[in-house]
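Structural overview for review
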Amino acid sequence: MKKFEVDWINSPTINLRGDPQIKLREHKSFVRFWTASTTSNFGTYITTIALQVLVVVNMGGSAVDVGWVSASRWFPYVLLGLIAGVFVDRFHLKTVLVVTDMGRGIIFAFICLLAVTGVLSIGWLMILLLLFGAMSLFNDAAHQSFVPQLVPRPLLTRAYARLEQSAAVAETSGPAIGGGLVLWIGAPFALLIDAVSYLISGVLMATVKHQPSDKVKPGPLGKQSRKVCNGSINTNT
């Protein structure tokens, strides 16, 4: 029994000591997920610059318009933040990630089309960004929960670290890249580049192979949402 325990600890496939024999790049599904996540992260920070320039320069908007547009993008996080996880748990995480990435790409491609044709208004832009924000919220909710389905437990810390490093690089260099794209091709086409990044992310995510976790199907969404809200209220009080 003692010999078996020693062999199990030193096993190259189940190694709790972080043996270098276990490498993230050997998990092809995680590499694709990492690439998709990094691509969409860059797109997100390019969006921030491109939208502001689009409102002020292309649409002749004011600072107040920029504020309303930015608020509409993040409003779903305030409205649906508490129940997003409950909603996502009712579906396969991979499906949520693919649909939300593809959906965000389509929304930005549509915004580019409306801007180029000159029919885009502040009202329409706010409505489209509300949809974009909702998809981003559900994508974020599914993102972290998906990683344990891609790599074994001993690699989870390393996997999350790689994702955070990529996100930090995107946060730092994304706005600069966005500014360069806006200067070079204009805000509408910078958003089109952003749309392509989300579509690429969705395609890569669709090719990821994983082991879905077996979960008990939750009850009605309204009942689950009330439990989450009540739990949050009780915690705060």
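Rules used in this analysis
- Residues numbered from 1 in each chain as written.
- Predicted model: local features only at pLDDT ≥ 70, side-chain atom pairs only at ≥ 80, totals over all residues.
- Heavy atoms only, no water.
- Helix = DSSP H or I, 4+ residues; strand = E, 2+ residues; numbered from the N terminus.
- Buried < 20%, exposed > 50% of the residue type's maximum accessible area, 1.4 Å probe, protein only.
- Contact = heavy atoms within 4.5 Å.
- Areas by Shrake-Rupley, 256 points an atom, 1.4 Å probe, with all protein chains shown as cover.
- Phe/Tyr/Trp six-rings, centres within 6.5 Å; stacked < 30°, edge-to-face > 60°.
- Axes fitted to C-alpha atoms, helices over the stretch in contact; angles between N-to-C directions.
- Parallel < 35°, antiparallel > 145°, perpendicular 65-115°, else oblique.
- Left-handed = near helix turned anticlockwise from the far one by under 90°.
- Nonpolar A, V, L, I, M, F, W, Y, C, P; charged D, E, K, R; others polar.
- 1 Å grid on protein atoms, 1.4 Å probe; cavity = no way out; pocket = protein on both sides within 12 Å on 5 of 7 lines; lining within 4 Å.
- Points joined across faces, edges and corners; volume = space filled by probe spheres on them.
- Patch = residues over 30% accessible without salt bridge, like charges linked within 9 Å, V, L, I, M, F, W, Y side chains within 5 Å.
- Salt bridge = Lys/Arg side-chain N within 4 Å of Asp/Glu carboxyl O.
- Lys, Arg positive; Asp, Glu negative; His and termini not counted.
- Charge placed at Lys NZ, Arg CZ, Asp CG, Glu CD.
- Polar contact = N/O pair within 3.5 Å; in protein donor to acceptor, adjacent residues only side chain to side chain.

Broken down by element type, the protein chain carries 9 helices and 0 strands. Order of helices (α) and strands (β) in the protein chain, N terminus to C terminus: α-α-α-α-α-α-α-α-α. Taking all 237 residues of the protein chain together, the buried fraction comes to 35%. Within the protein chain, counting contacts between residues at least 6 apart in sequence, those at least 24 apart form 83% of the total. Roughly 13,300 Å² of accessible area belongs to the protein chain as shown, and the carbon and sulfur atoms make up 66% of that amount.

All told, the structure shown has 8 aromatic pairs when counted by the stated rule. Centre to centre, the rings of Phe 87 and Phe 91 are 5.2 Å apart; their planes meet at 50°, and the pair counts as tilted. For Phe 87, a relative accessible area of 30% translates into the label partly exposed. On the numbers, 5.9 Å between centres and 70° between planes, the contact of Phe 132 with Tyr 198 is edge-to-face. In this pair, Phe 132 is assigned in helix H6 (residues 122–146) and Tyr 198 in helix H8 (residues 187–206), connecting sequence segments 66 residues apart. Judged on exposure class, the residue Phe 132 and its partner Tyr 198 are both buried. Taken together, the ring pairs connect Phe 87, Phe 91 and Phe 138 into an aromatic cluster.

Take the packing of helix H7 (residues 156–185) against H8 next. Relative orientation of the contacting elements H7 and H8 amounts to 130°, with a least axis distance of 7 Å. Looking at the two axes, H7 sits oblique to H8. In this structure, the crossing between H7 and H8 has a hand that is right-handed. Residues Leu 181, Val 182 and Ile 185 of H7 form the contact with H8, whose own contacting residues are Ala 187, Phe 189, Ala 190 and Ile 193. Among the residues making up the contact of H7 with H8, the classes are represented as 7 nonpolar, no polar and no charged.

What follows covers the layout of surface pockets. Approximately 460 Å³ is the volume found for the largest pocket. Lining the largest pocket we find 22 residues, and of these Asn 41, Thr 44, Tyr 45, Arg 104 and Asp 140 sit closest to its centre. Every element with two or more residues in the lining of the largest pocket is listed here: helix H2 (28–58), helix H3 (63–80), H6 and H7. Here the lining of the largest pocket is composed, by residue class, of 8 nonpolar, 9 polar and 5 charged.

What follows is about the environment of Asp 101. Along the chain, Asp 101 turns up in helix H5 (residues 93–117). For Asp 101, a relative accessible area of 1% gives the class buried. C-alpha of Asp 101 to C-alpha of Leu 199: the two residues are 98 residues apart in sequence and 6.3 Å apart in space. Not counting residues within four places of it along the chain, the set of residues in contact with Asp 101 comprises Ser 40, Asn 139, Tyr 198, Leu 199, Ser 201, Gly 202 and Met 205.

This paragraph deals with a positive patch on the surface. A contiguous patch of positive charge, built from Lys 23, Arg 25, Lys 28, Arg 32 and Lys 209, is present on the exposed surface. Considering the arrangement of structural elements, one finds Lys 23 in the loop between helix H1 (2–9) and H2. Overall, Lys 23 belongs to the partly exposed group, its relative accessible area being 31%.

Of note, Ser 121 is situated in the loop between H5 and H6. A sequence separation of 60 residues divides Ser 121 from Gly 61, and the C-alpha atoms of the two residues are 9.6 Å apart. At 3.3 Å, the side chain of Ser 121 and the backbone nitrogen of Trp 124 are in polar contact.

Once that is clear, we can look at the pattern of salt bridges. Within the structure shown, the criterion is met by 1 salt bridge. Among the ionic pairs, Asp 101 bridges to Arg 104, the shortest N-O distance being 2.5 Å. Separated by 3 residues within a single helix, Asp 101 and Arg 104 lie in helix H5, roughly one turn from each other.

Taken together, the side chains of Val 116, Phe 189, Leu 192, Val 196 and Ile 200 define a hydrophobic patch exposed on the protein surface, amounting to about 390 Å² of accessible area. Counting residues per element, the nonpolar patch draws most heavily on H8, which supplies 4 residues. Structurally, the position occupied by Val 196 is in helix H8.

By themselves, these observations are geometric and do not establish any function.
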